[in-house]
Each structure stands twice: as C-alpha cells, then as structure tokens.
Amino acid sequence: MDQQDFDEWGFGTLAVRAGQMRTGEGEQSEAIFPTSSFRFDSAAQAAARFGGTEPGNIYSRFTNPTVRTFEQRLAALEGGERCVATSSGMAAILATCMGLLKSGDHIVSSRAIFGSTVVLFDSFMGRFGVQTSYVPQTDLDAWEAAIRPNTRLLFVETPSNPLTEIADIRALAEIAHRHGCLLAVDNCFCTPALQQPLALGADIVIHSATKYIDGQGRCLGGAVVGSEELVGKEVFGFLRTAGPTMSPFNAWVFLKGLETLKLRMQAHSANALALAQWLEQQPQVARVYYPGLASHPQHALATAQQKGYGGIVAFEVKGGREQAWGVIDATRMLSITANLGDAKSTITHPATTTHGRLSAEQKAEAGIGEGLIRISVGLEEVDDIKADLARGLALI
Ligand SMILES: *Cc1c(COP(=O)(O)O)cnc(C)c1O
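Residues numbered from 1 in each chain as written. Predicted model: local features only at pLDDT ≥ 70, side-chain atom pairs only at ≥ 80, totals over all residues. Heavy atoms only, no water.

1. A word on the pattern of salt bridges
A full pass over the atoms with the stated rule returns 17 salt bridges. Here Asp214 makes a salt bridge to Arg218, at a shortest N to O gap of 2.8 Å. For Arg218, a relative accessible area of 46% gives the class partly exposed. Members of the salt-bridge network, linked through shared partners, are Glu30, Arg73, Lys256 and Glu259. (Salt bridge = Lys/Arg side-chain N within 4 Å of Asp/Glu carboxyl O. Buried < 20%, exposed > 50% of the residue type's maximum accessible area, 1.4 Å probe, protein only.)

2. Some remarks on the site of the ligand
In the vicinity of the ligand lie 13 residues, with Gly89, Met90, Asp186, Thr210 and Lys211 positioned nearest. Contact between the ligand and Ser208: an oxygen atom at 2.9 Å from a side-chain N or O atom of the residue. Between the ligand and the protein, one listed contact pairs an oxygen atom with a side-chain N or O atom of Thr210 at 2.6 Å. Burial of the ligand by the protein chains amounts to 92% of its free accessible area of 380 Å². Of the residues contributing to the shell around the ligand, the split by class is five nonpolar, five polar and three charged. (Near = heavy atom within 4 Å. Polar contact = N/O pair within 3.5 Å; in protein donor to acceptor, adjacent residues only side chain to side chain. Areas by Shrake-Rupley, 256 points an atom, 1.4 Å probe, with all protein chains shown as cover. Nonpolar A, V, L, I, M, F, W, Y, C, P; charged D, E, K, R; others polar.)

3. A word on the packing of aromatic side chains
Under the criterion given, the structure shown has five aromatic pairs. Centre to centre, the rings of Phe40 and Phe50 are 6.2 Å apart; their planes meet at 70 degrees, and the pair counts as edge-to-face. With Phe40 in the loop between helix H2 (11-17) and helix H3 (43-51) and Phe50 in helix H3, this pair connects stretches of sequence that are 10 residues apart. The cationic tip of Arg82 hangs over the ring face of Phe236; the distance from NZ or CZ to the ring centre is 5.3 Å. (Phe/Tyr/Trp six-rings, centres within 6.5 Å; stacked < 30°, edge-to-face > 60°. Helix = DSSP H or I, 4+ residues; strand = E, 2+ residues; numbered from the N terminus. Lys NZ or Arg CZ within 6 Å of the ring centre and 35° of its normal.)

4. Concerning the domain arrangement of the protein
Structurally, the protein comprises domain 1 (3-259) and domain 2 (262-393). Averaged C-alpha coordinates put domain 1 and domain 2 at centres separated by 27 Å. With 33 residues of domain 1 at the contact, the number on the domain 2 side is 36 residues. Here domain 1 and domain 2 share an interface that buries about 2800 Å² over both sides, 57% of which is from carbon and sulfur atoms. (Domains from an automatic or database assignment. Contact = heavy atoms within 4.5 Å. Buried area = accessible area lost by both parts, 1.4 Å probe.)

5. Looking at the sheet that holds strand S6 (residues 204-208)
Reading across the sheet, the seven strands line up as S1-S7-S6-S5-S4-S2-S3 and stay open at both edges, with mixed pairing between neighbours. Each of the sheet's edge strands pairs with one partner strand only, and the pair in question is strand S1 (82-86) and strand S3 (131-135). Taking the axes of each pair of neighbouring strands and ignoring which way they run, one obtains an average angle of 20 degrees across the sheet. Relative to strand S5 (residues 182-186), strand S4 (residues 151-157) runs parallel, the two being bridged by five bridges. Along S5, the bridge assignment pairs Val156 with Val185. Of the strands in this sheet, S1, S6 and strand S7 (222-226) touch helix H4 (residues 65-78), which is tilted by about 130 degrees from S1. Against the sheet, helix H5 (residues 89-100) makes contact with S1, S4, S5, S6 and S7, and its axis sits at roughly 150 degrees relative to S6, the strand it touches most. (Pairing = 2+ DSSP bridges. Axes fitted to C-alpha atoms, helices over the stretch in contact; angles between N-to-C directions.)

6. Quick notes on the nonpolar core
Side chains that are nonpolar tend, in soluble globular proteins, to be buried together. One finds Phe70, Leu74, Ile213, Met246, Phe254 and Leu258 to be the most contacted residues of the largest nonpolar core, which totals 36 residues. Of all the elements in the fold, those that place two or more residues in this core are H2, H4, S1, helix H9 (191-194), S7, helix H11 (248-259) and helix H12 (261-280). Considering each element in turn, this core owes the most residues, six residues, to H4. Counting the residues that make up this core, at least three belong to each of domain 1 (3-259) and domain 2 (262-393). In this structure Met246 touches Val67, Phe70, Ala85, Thr86, Ser87, Gly221, Gly222, Ala251 and Phe254, once residues within four positions along its chain are discounted. Judged by nonpolar contacts, the second largest core, of 28 residues, contains Ile93, Ala95, Ile113 and Phe236. (Core = buried A, V, L, I, M, F, W, Y, C linked by side-chain atoms within 4.5 Å.)

Set out below in structure tokens:
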C-alpha cells in the first residue's frame, strides 16, 4: 500500500482499505495474527531486529501485523502521522499521560470528562506529582486563566457526556499553543467520521474503541493518534515497555468496525436527531440536550466543527428520580446499561450510575439532575425507540 494512495483516497475508501497487507494466501479479509512472538531466520537477524538496525516484528507487546493494520487505518481516518492501539480507552489516556508528562507537570481539563479519567488524573497521576485543574467545558477564559507556567496538557472531550456540551477545538488549540502546551481531545463520541480534531489544531486524539469504533458492544480497546514525535516515539515508548497493548483479535474486530463507521455514525445521528426532536415535543419532558437541536447553546459551533451531531441524547423529565426511573423501568426494548456507542440503544440514569460518585453539590454544578436520562441512540427503527419511551412518559 503506498502512501500516494492514502493521500488521494477519501474517508470511505480509507475506512475499508487503508493499512491492509495481504499474506501469500491472498486472503480478501484482513488476517488475524495470534502470535506472541516472531521467529528470526538467524541469530544475526535476531540481533539486528533487537538492535533496531533491521525493521520488523519481535514480540506482540511491541508490534503485531493485525494491530498495525488497525493503527494505520485509524491514523489515516484521523489524518494523523501515527496511531498507537491500546487495550482500552483508559489505557490510551494512561499511555498519553505516561508518555508525555513528568512529575511537576500540570493538566488543565474540562470538568465534563469521563468519570474514570477524573479518577486517573486525581488519584493516580496526582500521586506521581502531576496536578490537574478543572474548568467549565465552554468557558475559554477559564481555560486560559487556569494555565500555569508548568502546564503541559489541555484535555477535553467534545461533545461531553451526558449533556453534549461542545468545546471549541480550534480556539482551545490556539490557547494551548500560545502557552506552549499540547491539546488532547477524546474523540470517542464523534469518531473521525464526524470530527477530526487534528485538522482543527489538536495535537493528540484519544479513543475508546470500545464504543462506536466497535459499534456492537463486543471488545474493549483504545487508541492514541498524533505526530510521529509525540505518539510514535513517546506514547509508543511507554506502551511497548509497560504493555497495555491491544490484542490482535480485538484489532480485527475494530478493523471491521471501521469499515462501516461512517455509515453507522450517519445512521446513529439521523436516529438521534429524530428522537431529540420528538422528545422536545413531549409535555412530560422539561429539556432536551442534543447538539443538532436549534435550542442547543452550541448548535452553531457543532454545525461548523462536526459533520454530524452524534448518537447521544440526554433529556430531563418533569419531576425527579422517581419519574426518571419510571421511564427507564417502563422500557421493554432499550438496554438499561451505562455503555454507549452500540447498535442497540441504551438508557442510563447518570445521577445514580455514571455520575453517582459526585456529591450533590458537584452534580448541581455539572448539571446532572435527578430527572436526567441519557440515551445512546442505536440503529433500531426510531419509531420503536419512541414507542418504548412513550410508555414510561405517559406515567408522568
Ligand atoms: C468509555 C470511555 C472512555 C474509556 O474507555 P474504555 O474503553 O472503557 O477504557 C474514555 N472516554 C470516553 C469519552 C468514554 O466514553
């Protein structure tokens, strides 16, 4: 596969073809290489591989052909020089921190990030002398004011979970670079099919491949995408030593996921928009959060920055926990689970699950009310999703 093809191909073609390398068997679908190590023709070749004078595989903690195919394909889709695949989304965030930060460094992060990322930053990175300050997702002045002389990384997830707040990636990249910092964007909710943070100025893109890249709720995985220098050298350097690598089987599942990513994200987005518009008309619903609605505070920014609005819809029912739980418990089709990005729609009560560890004050500050419900809108017929929710709404 030569680089020229990569440069000429559009997104849909890259998603199906980029990175594929066929064996002598001439297989049409990508091969899985379940092998922990690779054999050498001679002692001299082994020495050359270990010494780095001859490129090639040594051991699957370092490189594996199936994993490499996935890395090359995702790098092509994000427009990055290099991708490193990891065993989970959290492993991707850990590898980014361990590869790029040192004791005494400081992170500025949106406070609307994934719960486990907050625990990683505060309880673990904090223990090694890396402090994190949290700022409101959309307040650019607060981001800039929080930067200190030792700030090295700005970290954001957009759209946020569950309220779908949109951060201005281009503006954050400009602030980061003006202060000599890097901007990392967790692109899990949009995927490169809807948003390409590197083209907007971000330095690092992070994925939980567990979500839309798989798209059918089967495997855990993650990825870090960026420059050869930051990702190929620093992040990969940590990964090959510490070992949170992706398994070849999971890489193969994710490769298959990438082939249909664009079509699926378009379908998730269309279903989510139709559901959000319908929810806005229901008298029992106090508020709907979806970037595709004209009522969303960052609707214009989402339209400019994204190619679609994604599959996550949140809404508040009138009343509180009792009413929200009533809607959730009245469903017969939607899956009550905190996972997202699945072909199957899922329904969650953030205040008592994903955000249950926050104090009442922190929940109020983050806008997580007791009446809030989050739906990861799947690929079922949207009329069936509406009917499943209408039953519970009618009880309010
Ligand atoms: C799920 C998720 C993660 C963590 O990914 P895992 O694969 O579960 O480790 C990180 N960021 C976001 C936005 C997520 O939704």
